[in-house]
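Observations on the three-dimensional arrangement
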Amino acid sequence: MMIRNQSRLISTGSYLVRQLCSTSTETVSQRIAAPTPFPTGNEDKLYKRLSALGATGGSVTAALNAYIMEGKTVRKGMLEYCVRSLRKFGRYRHALEVIEWMESRKIHFSYTDFAVYLDLTAKTKGIAAAEKYFNGLSEYAKNRYTYGALLNCYCKELMTERALALFEKMDELKFLGNTVAFNNLSTMYLRLGQPEKVGPLVNQMKQRNISLDNLTYIVWMQSYSHLNDIDGVERVFYEMCNECEDNCCWTRYSNLASIYVKAELFEKAELALKKLEEMKPRDRKAYHFLISLYCNTSNLDAVNRVWGILKSTFPPTNTSYLVLLQALAKLNAIDILKQCFEEWESRCSSYDMRLADVIIRAYLQKDMYEEAALIFNNAKKRANASTRFFKSRESFMIYYLRSRQLDLALNEMEAALSEAKQFHWRPMQVTVDTFFRFFEEEKDVDGAEEFCKALKSLNCLDFSAYSLLIKTYIAAGKLASDMRQRLEDDDIEITDELEDLLVKVCPP
């Protein structure tokens with residue numbers, strides 16, 4: 001099935017680069033001393049105990065102390081494995097607590113342990129806390145790893161001046177012997193919309209006789225893509241194939257395919273994807289990207305074929321099923337979507353609400369309300385106490401508003417607000433827009449004002465919301481004499497665009 005429907009294309013090129021860049025730019029802070037490739041029994045038991053804290057609550061310190069009180073031995077390698085695994089799954093606060101426990105026990109830190117500590121501090125406490133930690137380190141600990149970790153933090157936060165100043169300092173200290181710092185700056189420039197600055201950094205590396213790695217080439221290719229220079233992309237790709245030592249890396253083909261998709265060169269994209277398939281990569285993530293990228297070319301047959309290969313090569317994870325369901329939903333393959341969801345639901349050991357969110361949204365877009373409600377009710381029964389239901393609730397809100405059932409949409413909003421007391425939540429812009437569109441069409445100023453109160457309680461009554469509120473007043477033919485004061489009180493900038501609306505409801 002080779003139906004070309006550009007409206008259904010998924011933009012996974014930028015996602016691929018984000019994934020590759022985050023993997024590489026964190027390499028410095030992840031080089032914790034010689035972690036065990038596969039967990040031993042004790043390491044796995046300790047990690048499972050710490051991992052469970054995400055659902056049960058409690059502190060890492062208490063869990064580690066209790067583990068020792070049971071007569072068990074905790075070695076540094078076990079703790080390093082736990083830190084690495086917790087970081088892998090985004091459990092940064094717990095990972096930091098393990099490092100802090102190691103420090104309190106005066107366990108010897110390697111060069112890289114300090115970098116991991118700094119990286120986790122930035123992720124959990126912010127850049128200022130990371131800088132304070134860095135400034136308090138001994139000269140021994142201020143090494144190329146900690147400098148690199150701090151540079152990574154600056155680049156992630158797009159703090160250009162600090163990043164460049166630190167880069168120069170690292171150059172003075174002769175800490176720029178590999179690609180990592182250059183890759184950090186390159187990915188920062190891409191995110192800043194300054195792709196033209198990537199090439200000069202690559203030239204600097206070549207002048208210093210630094211061998212370019214896989215990520216360097218991928219970011220360089222993406223810079224040409226952002227400049228709409230496909231010839232440049234292909235020149236870099238061929239250089240990469242000839243020069244890069246990692247000739248077996250599948251990401252070069254997924255990156256090239258994503259660029260071709262963005263340029264709507266679908267035949268070239270599929271040729272690149274077939275090359276990737278021929279490599280038969282031993283990496284589950286490669287098949288995830290194949291599924292998403294074939295979805296970009298609207299090739300349902302290829303999506304199904306790759307899914308079959310993945311299942312025969314690896315045990316599918318929740319993430320594997322999530323990637324598949326997202327692709328099937330975007331390709332409008334509702335029957336296959338239903339079949340695959342039921343297959344996952346019958347086998348899963350851990351109920352993942354993200355998968356239910358996908359099929360609920362797909363069903364509601366097809367007005368299959370009863371099917372969506374059945375899945376949602378079942379999900380609420382099976383999910384654990386830490387599960388967030390916000391995305392599905394928003395899908396129902398949009399469905400109810402589209403079918404002119406405001407009361408039911410507000411019921412879901414109230415339920416979400418109640419859950420937001422425990423978990424952070426900010427409604428998606430499409431949800432906010434759909435509510436205000438309803439109020440504007442119904443000329444319902446009172447409803448719009450009540451909705452604004454809800455947004456304010458969530459700290460997201462912003463410029464966009466006020467603009468939509470004022471449009472509702474205009475549609476209803478009503479004045480709002482205090483609107484200027486309200487905007488000032490909420491620190492909303494009155495732009496020319498907003499002023500044009502404001503004079504219609506609140507004349508100066």
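Residues numbered from 1 in each chain as written. Predicted model: local features only at pLDDT ≥ 70, side-chain atom pairs only at ≥ 80, totals over all residues. Heavy atoms only, no water.

Broken down by element type, the chain carries 30 helices and 0 strands. What you see for the chain is a C-alpha radius of gyration of 26 Å, in line with the 23 Å of a compact globule of 508 residues. Overall size of the chain, expressed as C-alpha extent along the three principal axes, is 70 × 55 × 55 Å. Nonlocal contacts in the chain, meaning residues at least 24 apart in sequence, comprise 64% of its contacts between residues at least 6 apart. Here the chain has roughly 25100 Å² of accessible surface; of this, 49% comes from carbon and sulfur atoms. Treating the 67 positive side-chain charges of the chain as one cloud and the 66 negative ones as another, the clouds have centres 7 Å apart. (Helix = DSSP H or I, 4+ residues; strand = E, 2+ residues; numbered from the N terminus. Rg over C-alpha atoms; globule rule 2.2 N^0.38 Å. Contact = heavy atoms within 4.5 Å. Areas by Shrake-Rupley, 256 points an atom, 1.4 Å probe, with all protein chains shown as cover. Lys, Arg positive; Asp, Glu negative; His and termini not counted. Charge placed at Lys NZ, Arg CZ, Asp CG, Glu CD.)

Direction vectors running N to C along helix α5 (residues 60-69) and helix α7 (residues 92-104) enclose 55°, while the axes themselves pass 9 Å from each other. Overall, the two elements α5 and α7 adopt an arrangement that is oblique. As for how α5 packs across α7, the hand of that crossing is right-handed. Contact residues: α5 offers Val60, Thr61, Leu64, Asn65 and Ile68, while α7 offers His94, Glu97, Val98 and Trp101. For the contact of α5 with α7, the residue count by class is 5 nonpolar, 3 polar and 1 charged. (Axes fitted to C-alpha atoms, helices over the stretch in contact; angles between N-to-C directions. Parallel < 35°, antiparallel > 145°, perpendicular 65-115°, else oblique. Left-handed = near helix turned anticlockwise from the far one by under 90°. Nonpolar A, V, L, I, M, F, W, Y, C, P; charged D, E, K, R; others polar.)

Turning our eyes to something else, we now look at the pattern of salt bridges. Here the structure, examined in full by the defined rule, presents 26 salt bridges. For Glu442, the salt bridge is made with Arg404, and the minimal N-O distance between the two is 2.7 Å. Of this pair, Glu442 sits in helix α26 (residues 429-442) while Arg404 is found in the loop between α24 (390-402) and α25 (406-419), placing the two residues 38 residues apart along the sequence. Given a relative accessible area of 40%, Arg404 falls into the partly exposed group. (Salt bridge = Lys/Arg side-chain N within 4 Å of Asp/Glu carboxyl O. Buried < 20%, exposed > 50% of the residue type's maximum accessible area, 1.4 Å probe, protein only.)

The next thing to look at is the nonpolar core. Formed by 169 residues in total, the largest nonpolar core has its most connected members in Phe436 and Met483. Residue contributions to this core peak at 9 residues, all from helix α22 (residues 353-365). Not counting residues up to four positions away in its chain, the partners in contact with Phe436 are Ala448, Phe451, Cys452, Leu455, Ala465, Leu468, Leu469 and Thr472. (Core = buried A, V, L, I, M, F, W, Y, C linked by side-chain atoms within 4.5 Å.)

The next thing to look at is helix α8 (residues 111-125). In this model α8 runs 22 Å from its N-terminal to its C-terminal C-alpha over 15 residues, within 8% of the 21 Å that 1.5 Å per residue would give. With 11 of its 15 residues buried, α8 lies for the most part within the structure. Of all the positions in α8, only Thr112, Asp113, Phe114, Ala115, Val116, Tyr117, Leu118, Asp119, Leu120, Thr121 and Ala122 are classed as buried. Looking one or two residues beyond α8, the residue adopting positive phi is Gly126, at roughly 100°. (Expected span 1.5 Å × (residues − 1).)

It is worth spelling out the environment of Arg382 at this point. Its place among the elements puts Arg382 in helix α23 (residues 369-382). Those residues in contact with Arg382, other than ones at most four positions away along the chain, are Glu345, Cys348 and Tyr351. A distance of 3.1 Å separates a polar atom in the side chain of Arg382 from the backbone oxygen of Glu345. (Polar contact = N/O pair within 3.5 Å; in protein donor to acceptor, adjacent residues only side chain to side chain.)

Attention now moves to the packing of aromatic side chains. Tallied over the full model, the rule gives 33 aromatic pairs. Here Phe109 and Tyr117 contribute two aromatic rings whose centre-to-centre distance is 6.3 Å and whose plane-to-plane angle is 55°, an arrangement assigned as tilted. The same class applies to Phe109 as to Tyr117, namely buried. Members of the aromatic cluster, each reached through a chain of ring pairs, are Phe109, Tyr111, Phe114, Tyr117, Tyr133, Tyr140 and Tyr145. Directly above the aromatic system of Phe134 lies the positively charged group of Lys142, at a separation of 5.3 Å from the ring centroid. Just above the ring of Tyr224 sits the side chain of Arg235; from NZ or CZ to the centre is 5.9 Å. (Phe/Tyr/Trp six-rings, centres within 6.5 Å; stacked < 30°, edge-to-face > 60°. Lys NZ or Arg CZ within 6 Å of the ring centre and 35° of its normal.)

With phi around 60°, Asn228 is a residue other than glycine that occupies positive phi space. Position of Asn228 among the secondary structure elements: in the loop between α14 (214-226) and α15 (230-243). Asn228 gets classed as exposed once you look at its relative accessible area, which sits at 69%. Here Asp367, not a glycine, exhibits a phi torsion of approximately 60°, which is positive. With respect to the helices and strands, the residue Asp367 is situated in the loop between α22 and α23. Given a relative accessible area of 51%, Asp367 falls into the exposed group.

Let's shift gears to the confidence of the model for the chain. When pLDDT is averaged along the chain, the result is 90, and 90% of the positions lie at 70 or above. Confidence drops under a pLDDT of 50 for residues 1-13, and excluding neighbours within four residues, the segment shows 31 contacts in the predicted structure. Taken as a whole, residues 22-38 scores under 50 in pLDDT and shows 44 contacts with residues more than four places along the chain or in a different chain. (pLDDT = per-residue confidence, 0-100.)

Inspection of the secondary structure assignment puts Glu234 in helix α15. Classification of Glu234 as buried rests on a relative accessible area of 14%. Among the polar contacts listed, one links the side chain of Glu234 to the side chain of Lys268, at a separation of 3.0 Å. With sequence-adjacent residues up to four places away left out, Glu234 is seen in contact with Tyr260 and Lys268.

Attention now goes to α26. Relative to the 20 Å expected for 14 residues at 1.5 Å per residue, α26 spans 20 Å between its end C-alpha atoms, a close match to the ideal helical length. Taken together, the buried positions of α26 are occupied by Thr431, Val432, Thr434, Phe435, Phe436, Phe438 and Phe439. Considering only its buried residues, α26 is in contact with α24, α25, α27 (445-457) and α28 (463-476). Lys443 lies just past α26 and shows a positive phi near 55°.

This part covers the environment of His424. Looking at the element boundaries, His424 is found in the loop between α25 and α26. For the pair His424 and Leu355, spaced 69 residues apart in sequence, the C-alpha separation works out to 20 Å.

This next bit is on the packing of α24 against α26. Two numbers describe how α24 lies on α26: the axes approach to 10 Å, and their chain directions differ by 25°. The angle between α24 and α26 places the two elements in the roughly parallel class. The chirality of how α24 crosses α26 is left-handed. Within the contact between the two elements, α24 uses Glu394, Met397, Ile398 and Leu401 and α26 uses Val430, Thr431, Thr434, Phe435 and Phe438. A per-class count over the contact of α24 with α26 returns 6 nonpolar, 2 polar and 1 charged.

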